[in-house]
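Residue strings, one per chain:
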Amino acid sequence: MTFTFRTVDPLTDAGLLHSWVTHPKAAFWMMQDARLEDVERAYMEIAADEHHHALLGLQDGRPAFLMEKYDPAERELVGLYEPEPGDIGMHFLTPATDTPVHGFTRSVITAVMAHLFEDPAVRRVVVEPDVGNKAVHALNETVGFVAEREIDKPEKRALLSFCTREQFEKAVTA
């Protein structure tokens, strides 16, 4: 599967994103009760933030998933771990579907990681999924993430995990 990326437009994409983040499958996104205006506002804040970016992953030109990247030294993980030069944080969301495609989510996370590592300054991807999100932990392992420890964020208990460029390349070429 081939994906391209474009920056989220908070105003035109809010309706689509609202349908994705409020779906029961997206419970770990913690926006279940969000109104359309809440989603619009959240992505307007991201659009205005130099340390946080939201992108839509497109398949054949159509939105297929959401990806966020952030500087963990400035957002999300400040004070919770020792950031290294070249670290980038990441979140991704594949929307719920009535017609799942086998291997789709793995293709998405592989494309997300490849996109992040296209930037030569990126040396390591940092994630902090909810400790209860076992499906994403397993998926993260398939692209080279190694769990380091559990941490307490204001909104959740998270599993801090890292993936270097070398770990990613080894995982996806194995």
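Going by the structure above, here's the rest.
Since we're looking at a predicted model, the values are computed, not measured. (Residues numbered from 1 in each chain as written. Predicted model: local features only at pLDDT ≥ 70, side-chain atom pairs only at ≥ 80, totals over all residues. Heavy atoms only, no water.)

### Regarding the environment of Glu82
Turning to step 1, where the next piece is worked out: As for its placement among the helices and strands, Glu82 is situated in the loop between strand E3 (62-70) and strand E4 (87-93).
Turning to step 2, where the next piece is worked out: Residue classification places Glu82 among the exposed residues on the basis of a relative accessible area of 67%.
Turning to step 3, where the next piece is worked out: For the pair formed by Glu82 and Pro72, sequence separation is ten residues and the distance between their alpha carbons is 9.4 Å. (Helix = DSSP H or I, 4+ residues; strand = E, 2+ residues; numbered from the N terminus. Buried < 20%, exposed > 50% of the residue type's maximum accessible area, 1.4 Å probe, protein only.)

### What to know about the pattern of salt bridges
Turning to step 1, where the next piece is worked out: Tallied over the entire structure, the rule returns 14 salt bridges.
Turning to step 2, where the next piece is worked out: The residue Asp87 makes a salt bridge to Arg124 at a minimum N-O spacing of 2.8 Å. Taken as a pair, Asp87 in strand E4 and Arg124 in strand E5 (residues 124-127) lie far apart in primary sequence, 37 residues in all. The two residues Asp87 and Arg124 agree in class, both being buried.
Turning to step 3, where the next piece is worked out: Shared partners join several salt bridges into a network, and the residues in it are Glu76, Glu128, Lys153, Glu155 and Lys156. (Salt bridge = Lys/Arg side-chain N within 4 Å of Asp/Glu carboxyl O.)

### Remarks on the pairing of E4
Both faces of the sheet carry side chains from a regular strand, because those side chains alternate between them.
Turning to step 1, where the next piece is worked out: In terms of burial, E4 is largely enclosed, as seven of its seven residues are buried.
Turning to step 2, where the next piece is worked out: Alternating positions in E4 separate into two faces, Asp87, Gly89, His91 and Leu93 on one and Ile88, Met90 and Phe92 on the other, with burial throughout.
Turning to step 3, where the next piece is worked out: With five bridges joining them, E3 and E4 adopt antiparallel strand pairing. Looking at E4, one finds that Met67 is bridged to Phe92.
Turning to step 4, where the next piece is worked out: As judged from the three bridges shared by E4 and E5, these two strands associate in the parallel manner. Opposite Gly89, over in E5, you have Val126 as the bridge partner.
Turning to step 5, where the next piece is worked out: With respect to chirality, the unit in which E4 leads through helix H3 (residues 104-117) into the neighbouring parallel E5 is right-handed. (Pairing = 2+ DSSP bridges. Right-handed = clockwise from strand over helix to strand, strands pointing away.)

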